[in-house]
Amino acid sequence: GENVEQHPSTLSVQEGDSAVIKCTYSDSASNYFPWYKQELGKGPQLIIDIRSNVGEKKDQRIAVTLNKTAKHFSLHITETQPEDSAVYFCAALDGNNRLAFGKGNQVVVIP
Amino acid sequence: NAGVTQTPKFQVLKTGQSMTLQCAQDMNHEYMSWYRQDPGMGLRLIHYSVGAGITDQGEVPNGYNVSRSTTEDFPLRLLSAAPSQTSVYFCASSYRYRGAGNTIYFGEGSWLTVV
């Protein structure tokens with residue numbers, strides 16, 4: 001099955017700086033890559049996603065890039081704010097339509 | 001529109017006890033699933049259902065049962081609780097089972113401790 005890995009496990013950034021989280025996947029048939037944000041005590045919430053026929057997608061301060069050849073995709077958060085502090089999960093929908101999640105990244109924005 | 005509702009929010013069980021985590025969605029979603037979240041392990045799929053009357057096993061199904069008698073409800077039963085089942089449980093649903101761009105909505109989670 002699909003194996004999704006996230007790096008780094010913890011990321012600390014100064015408020016206003018950019019944060020980048022990278023995920024790698026193993027199944028070349030994977031065609032959909034969502035990112036979820038989980039705030040303390042809450043369930044994960046979808047923040048952005050990308051399909052395999054697109055290389056980049058932006059939504060205000062958040063962007064996701066996909067490199068199918070290298071089998072990795074990244075979440076970019078610009079002008080970080082304290083409310084961006086959370087755990088971020090990447091996921092990949094594999095060839096069997098199973099959504100495999102990474103283990104999560106803790107992002108800490110330092111005011 | 002409440003989305004995905006889970007109960008209870010917190011529960012402490014003794015080893016060997018049984019209990020049911022309730023999950024309901026009001027979005028007429030076809031697909032429902034249960035995940036558990038453990039430190040350093042991410043989200044792992046326990047069981048899922050692609051429609052009323054249909055259930056299947058996920059990655060870590062042992063010790064859990066599910067049923068889907070209606071589109072709205074998908075309860076998770078712990079048959080004989082073990083300390084290894086101490087975890088945070090999330091119910092999730094989506095409109096369709098297959099296809100890219102199929103947004104999954106998660107509940108708020110149920111914190112379960114087995115002593």
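Residues numbered from 1 in each chain as written. Chains lettered and ligands numbered in written order. Predicted model: local features only at pLDDT ≥ 70, side-chain atom pairs only at ≥ 80, totals over all residues. Heavy atoms only, no water.

### A look at the overall build of chain A
Of the regular secondary structure elements, chain A holds zero helices and 11 strands. When its helices and strands are written in sequence order, chain A yields β-β-β-β-β-β-β-β-β-β-β. In terms of overall dimensions, chain A is globule-like: its C-alpha atoms have a radius of gyration of 13 Å, near the 13 Å expected for 111 residues. Taking all 111 residues of chain A together, the buried fraction comes to 44%. Taking contacts inside chain A between residues at least 6 apart in sequence as the whole, the part at least 24 apart equals 52%. Entry remark: accessible area of chain A is about 5,500 Å², with carbon and sulfur atoms responsible for 45%. Counting 11 positive and 13 negative side-chain charges, chain A places the averaged centre of each group 6 Å from the other. (Helix = DSSP H or I, 4+ residues; strand = E, 2+ residues; numbered from the N terminus. Rg over C-alpha atoms; globule rule 2.2 N^0.38 Å. Buried < 20%, exposed > 50% of the residue type's maximum accessible area, 1.4 Å probe, protein only. Contact = heavy atoms within 4.5 Å. Areas by Shrake-Rupley, 256 points an atom, 1.4 Å probe, with all protein chains shown as cover. Lys, Arg positive; Asp, Glu negative; His and termini not counted. Charge placed at Lys NZ, Arg CZ, Asp CG, Glu CD.)

### Side note on the packing of aromatic side chains
The full count for this structure, using the stated rule, is 13 aromatic pairs over all chains. Considering the side-chain rings of A:Tyr25 and A:Phe73, the 6.0 Å spacing of their centres and the 55° angle between planes classify their relative orientation as tilted. Of this pair, A:Tyr25 sits in strand S3 (residues 19-25) while A:Phe73 sits in strand S8 (residues 72-77); the two residues are 48 residues apart in sequence, bridging distant segments of the chain. Accessibility classification places A:Tyr25 together with A:Phe73 in one group, the buried group. Between the aromatic rings of B:Phe90 and B:Phe106, the centroid separation amounts to 6.4 Å while the plane-to-plane angle is 90°, which identifies the pairing as edge-to-face. Of this pair, B:Phe90 sits in strand S9 (residues 87-94) while B:Phe106 sits in strand S10 (residues 104-106), and the two are 16 residues apart along the sequence. Like B:Phe106, B:Phe90 is buried. Aromatic ring contacts, followed pair by pair, group A:Tyr36, A:Phe101, B:Tyr35, B:Phe90 and B:Phe106 into a single cluster. (Phe/Tyr/Trp six-rings, centres within 6.5 Å; stacked < 30°, edge-to-face > 60°.)

### Notes on the state of the cysteines
Evaluation of the coordinates by the stated rule reveals two disulfides over all chains. The side chain of A:Cys23 participates in a disulfide bridge whose partner is A:Cys90; the two sulfur atoms lie 1.9 Å from each other. The chirality of the disulfide connecting A:Cys23 with A:Cys90 is left-handed, given an S-S dihedral of about -100°. Within this pair, whereas A:Cys23 is found in strand S3, its partner A:Cys90 is found in strand S9 (residues 86-93), the two being separated by 67 residues in sequence. Neither residue differs from the other here; A:Cys23 and A:Cys90 are each classed as buried. Covalently, B:Cys23 is tied to B:Cys91 through a disulfide, its sulfur atoms 1.8 Å apart. One disulfide, between B:Cys23 and B:Cys91, carries an S-S torsion of -75° and so falls in the left-handed class. Pair noted here: B:Cys23 is in strand S3 (residues 19-25) and B:Cys91 is in strand S9, with a separation of 68 residues, a long-range link. Judged by relative accessible area, B:Cys23 falls into the buried class, the value being 2%. (Disulfide = S-S within 2.5 Å.)

### A closer look at the layout of surface pockets
Roughly 540 Å³ of volume is contained in the largest pocket. As for the largest pocket, its lining consists of 29 residues, of which A:Arg98, A:Leu99, A:Ala100, A:Phe101 and B:Glu59 are closest to the centre. Of all the secondary-structure elements, those providing two or more residues to the lining of the largest pocket are strand S10 (99-101) of chain A together with strand S4 (31-38) and strand S5 (42-51) of chain B. Looking at the lining of the largest pocket element by element, the count peaks at four residues for S5(B). Within the lining of the largest pocket, the residues separate by chemical class into 14 nonpolar, eight polar and seven charged. Taken as a whole, the second largest pocket holds about 420 Å³ of empty space. Forming the boundary of the second largest pocket are 26 residues, of which A:Gln38, A:Val87, A:Phe89, A:Gln106 and B:Gln37 lie nearest the centre. (1 Å grid on protein atoms, 1.4 Å probe; cavity = no way out; pocket = protein on both sides within 12 Å on 5 of 7 lines; lining within 4 Å. Points joined across faces, edges and corners; volume = space filled by probe spheres on them. Nonpolar A, V, L, I, M, F, W, Y, C, P; charged D, E, K, R; others polar.)

### Quick word on the pairing of S5(B)
All names here are of chain B. The buried count for S5 comes to nine of 10 residues, which makes it a mostly enclosed element. In the sheet, S4 pairs with S5 via seven bridges, with the strands oriented antiparallel. The residue of S5 that forms the bridge with Met32 is Ser49. Here S4 folds back onto S5 in antiparallel fashion, the turn holding three residues, of which Gly40 has a positive phi close to 75°. In textbook terms, the turn of a hairpin is the stretch between consecutive antiparallel strands, and for S5 and strand S6 (residues 54-57) this stretch comprises two residues, one of which, Gly53, has a positive phi near 85°. (Pairing = 2+ DSSP bridges.)

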